[in-house]
Amino acid sequence: MAQFSIAHLYPDLMNLYGDRGNLICLQKRLQWRGHQCSIENLGLSDDMELGRYDMVFMGGGSDREQGLVYEDLLRKGSRIMEQIEAGLPMLCICGAYQLLGQSYIAADGQVMDGLRFFNFRTVAGSPRLIGNILIEANIDGQKVSVVGFENHGGRTIFLDHKLQPLGHVIKGFGNNGKDGGEGLIYKNLIGTYLHGPFLPKNPAVADFILSAMAKRRGVELDTLLDDSIEKYAHDQVKDRLLGSSR
Amino acid sequence: MKRLKIILAIMLGKLLIRLSRLLGNQGSNFPGAWGLRIYPGLLREMASRIRREIVVVTGTNGKTTTSNMIAAVLREQGYSVIHNRAGANMLPGIATAFIEQNNVLGLKEFDYALLETDEATIPALLREVKPRMMLITNFFRDQLDRYGELDRIITVINESLKDQIIKLILNGDDPLSLCFTSSGAQSIAYFGFEPTRYDVLDNRESREGRFCVCCGSELDYSRYHYAQLGEYSCQNCGNRNPEIEFKGQDLELTDKIILRVKDLRLESPYQGFYNAYNILAAAAVAKSLGMSDEAIRNAIHDYRPRAGRMEEFSIDSKRVVLILVKNPIGLNQSLSAVKDDINPKSVFFALNDNAADGRDISWIWDADLENLALEEHNIRKVVCSGIRSGDIAVRFKYTGFDTSLIMIESDLEAGICDALNCPVSVIYVLSTYTALFDCRKILLKLQKRSGQHPLIQPVRGQVVD
Ligand SMILES: [Zn+2]
């Protein structure tokens, strides 16, 4: 039995659309395999020694709250990229994903600096891109279908064409509604617009994150879980998007 | 002799109230009707023992919510209040309220009487009691008003107000409010909203034409706040919104309502523009009665919407409770009722994601379901249904329920039957909005089939008006 710990960044400020579902999912799937997992909340007053954690999660927030977080992370965040390069599993949703890029350009033209970890930018747009979404993701060399719900005004545009999207859009909008890409995957980091929440309905992605966490600890995660309920929920959304109901 | 008749009327009324409760009815009308039969002056007699004011609340929409809020303010200020039950808003229902809350001699004194009154009952009520204030929330025409019923009601209310010394609190955004003009002893104060960012400016929207109460020409709207409430003017005779005394300002509608009226900032856990009107109307009445800002602020802040409709059914001698759920807060409230019930039970949950439910179902993860699976809560089976049966099933799985207790049945009727057919004595049927009416229909059918008397009654609270 191993004891894992996950850092939840700015849970008070960045917690929209059932984000905690993603954490519950990771925690439970470790427990069902006989391990323990604690979740630590890190806020504006805490330092960000992320190297101590097995995984980092950050969710979406409203514009005002996102502004506060931008400023705070810009001051503290310089070493986070080193951890990402070293393989720290990280999941960034909506606003947290946008923050990883060069900048966010608001509707009034105001430019907010991002962490500049990756060479993409996000431009506010209208209308908001809202709805159920189905993508085909490329995870660990495997093609997996992933479902969720997206709700974002920002259009994210990759400036570096070597960047890898998490997957390509089958139904829905994705990064910008145009180029067919959705999200970003780099080593063990995933950025995405999918909430819904994202992980409970996509156990393959949850297990990708969990095995990355385990591998860094030298722990084997070989227990297969019965995912029939998760698969049912997944397929229900998928079938609906593809036009066959169940 | 008169006193004896009063006592007799009250005693009989009280007895009938008890009896009807035992039979599972609300008993809100016929006890009062019998009381009035024994002593026709009963209402007049008991109303004369109101120390301060009698306030009448009428109008098409929002009577119940608004009068509940006013009652909450009065009580917050420390006054005793007689207040009739929602829906029991004709003379017998009002008499029942007086009988129920009074002592047997009918001598108990109250500070205020707050009488939610059906529009058509106003003339009859004004013959019995002498209110000093009357709130008219609004007058909406609905599809039932094909025969000019509303105009007739407005005329008779106007007629009955003629010789009264009364203050009218009217909705200044409602063109029909101009039907009431202050003549003689009456005075009028209007409430209404300043422009808000939720207004609709498009005049071409397919709305039923609204006509000037003075000359009958079609009105021009420069903005609509809600339904026919808004800024209007008549090109023909120059008629327009009256001067508003209680202005609703800085309105914010999110998961709660925030507004300002006369430098008093109000916050309410309610949602929707129509409830913003209810709050504004309640504040206008409370301020006109001289209640303190603090009492108004606290009462409005603490006045909670009910968890949802809670309706009870009896099927094969099992108790079935139907509850509407639509957001995490409401779901938490409903589930605490489920947890408080120690009986062995099953839970049925219909999750839909149609527009009226909200397309995004992620809110089910924001509700706190984490300890629902504990053995002490005695939940023997969870049936997951509706368009998003899979999502709610996953949610329940991650709260810790053993998967053998979780069942997915997207069909509502089959799912409800599954929840009924297990060894439990109570079934909680939770449903989002667009599945609620179907669930209700199914439950009524099953109840009828199981040969029981229809025994439908709200568990707590009342059905919204
Ligand atoms: Zn006119």
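Residues numbered from 1 in each chain as written. Chains lettered and ligands numbered in written order. Predicted model: local features only at pLDDT ≥ 70, side-chain atom pairs only at ≥ 80, totals over all residues. Heavy atoms only, no water.

A.B. asks: Looking at this structure, I do not really get the packing of aromatic side chains. What am I missing?
C.D. replies: Two aromatic rings are characterised by how far apart their centres lie and by the angle between their planes. Tallied over the full model, the rule gives 17 aromatic pairs over all chains. Consider the rings of Y221 of chain B and Y224 of chain B, whose centres lie 4.3 Å apart with planes at 15°: the pair is stacked. For Y221 of chain B, a relative accessible area of 5% translates into the label buried. Given the relative accessible area of 6%, Y224 of chain B is considered buried. Ring-pair connections join several aromatic residues into one group, and the members of that group are Y97, F120, F158 and Y193 of chain A. Lying over the aromatic face of F4 of chain A, R217 of chain A brings its terminal NZ or CZ to 5.1 Å of the ring centre. For R37 of chain B, the ring lying beneath its charged end belongs to W34 of chain B, and the centroid distance is 4.7 Å. (Phe/Tyr/Trp six-rings, centres within 6.5 Å; stacked < 30°, edge-to-face > 60°. Buried < 20%, exposed > 50% of the residue type's maximum accessible area, 1.4 Å probe, protein only. Lys NZ or Arg CZ within 6 Å of the ring centre and 35° of its normal.)

A.B. asks: Just to check I follow, could you spell out the side chain of T196 of chain B for this structure?
C.D. replies: All names here are of chain B. Take T196: it is sitting in the loop between β6 (187-193) and β7 (220-226). At 3.0 Å, the side chain of T196 forms a polar contact with the backbone nitrogen of Y198. Sequence-distant contacts of T196, that is, excluding residues within four places in its chain, are made with R223, H225, L251 and F273. (Helix = DSSP H or I, 4+ residues; strand = E, 2+ residues; numbered from the N terminus. Polar contact = N/O pair within 3.5 Å; in protein donor to acceptor, adjacent residues only side chain to side chain. Contact = heavy atoms within 4.5 Å.)

A.B. asks: What am I meant to see in the coordination of the zinc ion here?
C.D. replies: Four donors placed tetrahedrally around a metal ideally meet at 109.5 degrees, and six donors placed octahedrally ideally meet at 90 or 180 degrees. All names here are of chain B. For the zinc ion, the full set of protein donor atoms is C212 (SG), C215 (SG), C234 (SG) and C237 (SG), at a range of 2.3 Å. Viewed at the metal, the four donor atoms of the zinc ion are separated by angles of 98 to 120°, and the geometry they form is tetrahedral. By relative accessible area, C215 is classed as partly exposed at 33%. (Donors = N, O, S within 2.8 Å, 3.2 Å for Na, K, Ca; no water. Tetrahedral: all angles 85-135°; square planar, octahedral: opposite > 155°, others 65-115°.)

A.B. asks: What's the story with the pairing of strand β15 (residues 379-385) of chain B in this structure? I'm lost.
C.D. replies: Along any regular strand, the residues point their side chains to alternate faces of the sheet. All names here are of chain B. In terms of burial, β15 is a largely internal element, five of the seven residues being buried. As paired elements, strand β14 (residues 345-350) and β15 share six bridges and run parallel to each other. By the bridge assignment for β15, F348 is matched with V383. Where β15 lies against strand β16 (residues 406-408), three bridges are found, and the strand directions are parallel. If you follow C384 over to β16, its bridge partner there is I408. Note on the crossover from β15 through helix α11 (residues 389-398) to β16: the handedness is right-handed. (Pairing = 2+ DSSP bridges. Right-handed = clockwise from strand over helix to strand, strands pointing away.)

A.B. asks: Can you help me understand the interface of chain B and chain A in this one?
C.D. replies: Think of interface size as the accessible area that goes away when the parts come together; that is how it is often given. Of the residues lining the interface, 27 residues belong to chain B; the matching set on chain A comes to 26 residues. Between chain B and chain A, roughly 2,100 Å² of surface is buried when both sides are summed, and carbon and sulfur atoms account for 55% of that area. Sorting the residues of chain B by area buried against chain A places W365, K397 and Y398 of chain B first, and these three jointly supply 33% of that buried surface. For the pair chain B and chain A, the interface holds five salt bridges. Between K201 of chain A and D391 of chain B there is a salt bridge whose closest N-O contact spans 2.5 Å. At the surface where chain B touches chain A, the tally comes to 13 residue pairs in polar contact (both at pLDDT 80 or more). Those elements giving two or more residues to the side of chain B that touches chain A turn out to be α11 and β16 of chain B. Looking at the side of chain B that touches chain A element by element, the count peaks at eight residues for α11 of chain B. (Buried area = accessible area lost by both parts, 1.4 Å probe. Salt bridge = Lys/Arg side-chain N within 4 Å of Asp/Glu carboxyl O.)

A.B. asks: Please explain the side chain of R29 of chain A as it appears in this structure.
C.D. replies: Note on placement: R29 of chain A falls in helix α1 (residues 20-31). Note on R29 of chain A: relative accessible area 0%, which makes it buried. Side-chain polar atoms of R29 of chain A contact the side chain of D207 of chain A, separated by 3.0 Å. In contact with R29 of chain A, other than residues within four places in its own chain, are P203, A206, D207, L210, L225, D227 and E230 of chain A together with Y398 of chain B.

A.B. asks: Hey, could you run me through the pattern of salt bridges in this one?
C.D. replies: Between side chains of opposite charge, pairing is possible as soon as their charged atoms come close. Overall, the coordinates contain 34 salt bridges over all chains when judged by the stated rule. Between D54 of chain A and R217 of chain A there is a salt bridge; the shortest N-O distance is 2.9 Å. Of the two residues, D54 of chain A sits in the loop between β2 (36-42) and β3 (55-58) while R217 of chain A sits in helix α6 (residues 203-217), which places them 163 residues apart along the sequence. The buried category is assigned to D54 of chain A, whose relative accessible area is 7%. Among the residues examined, R217 of chain A registers a relative accessible area of 38% and is labelled partly exposed. A network of salt bridges, in which partner residues are shared, links R29, R33, D207, D227 and E230 of chain A together with K397 of chain B.

A.B. asks: Where do I start with the sheet that holds strand β1 (residues 3-9) of chain A in this structure?
C.D. replies: In sheet architecture, strand pairing relies on hydrogen bonds along the backbone and comes in two forms, parallel and antiparallel. Residues and elements named next belong to chain A. The six strands are arranged β2-β1-β3-β4-β12-β11 in an open sheet whose pairing can be described as mixed. Of all the strands in the sheet, just β2 and β11 (184-186) have a single pairing partner and so form its edges. Taken pair by pair, the neighbouring strands of this sheet meet at an average axis angle of 15°, ignoring direction. The sheet contact formed by β1 and β3 spans four bridges and is parallel. (Axes fitted to C-alpha atoms, helices over the stretch in contact; angles between N-to-C directions.)

A.B. asks: Explanation requested: helix α4 (residues 63-76) of chain B in the structure shown.
C.D. replies: Helical geometry note: an α-helix holds 3.6 residues per turn, so side chains three or four residues apart project in the same direction. All names here are of chain B. Helix length check: α4 (14 residues) gives 20 Å between terminal C-alpha atoms against 20 Å at 1.5 Å per residue, within 8%. If you check which residues of α4 are buried, you get K63, T64, T65, T66, S67, N68, M69, I70, A71, A72, V73 and L74. Elements in contact with the buried residues of α4: β1 (50-58), β2 (81-83), β3 (110-116), β4 (133-136), α8 (273-288) and α9 (293-302). Taken from the residues just after α4, G78 is the one with a positive phi, measuring 95°. (Expected span 1.5 Å × (residues − 1).)

A.B. asks: Whenever I open this one, the sheet that holds strand β11 (residues 264-268) of chain B confuses me. Can you help?
C.D. replies: Residue and element names in this part refer to chain B. Ordered in space as β2-β3-β1-β4-β5-β6-β9-β10-β11, the nine strands form an open sheet in which the pairing is mixed. Of all strands in the sheet, those bounded by a partner on one side alone are β2 and β11. Direction aside, neighbouring strands of the sheet carry axes that sit 20° apart on average. As paired strands, β2 and β3 are joined by three bridges and run parallel to one another. When the sheet's bridge partners are listed, H83 is paired in β3 with L114.

A.B. asks: Would you mind going over the confidence of the model for chain B with me for this structure?
C.D. replies: Keep in mind that low pLDDT regions are not for reading the predicted coordinates in detail. Residue and element names in this part refer to chain B. Taken as a whole, chain B shows an average pLDDT of 85; of its residues, 89% reach a score of 70 or greater. Every residue in residues 204-208 scores below 50 in pLDDT, and together they form five contacts with partners more than four places removed in sequence or on other chains. Confidence drops under pLDDT 50 across residues 453-465; counting only partners more than four residues distant or on other chains, this segment forms 35 contacts. Scored by ipTM, the complex comes to 0.94, with pTM at 0.60. (pLDDT = per-residue confidence, 0-100.)

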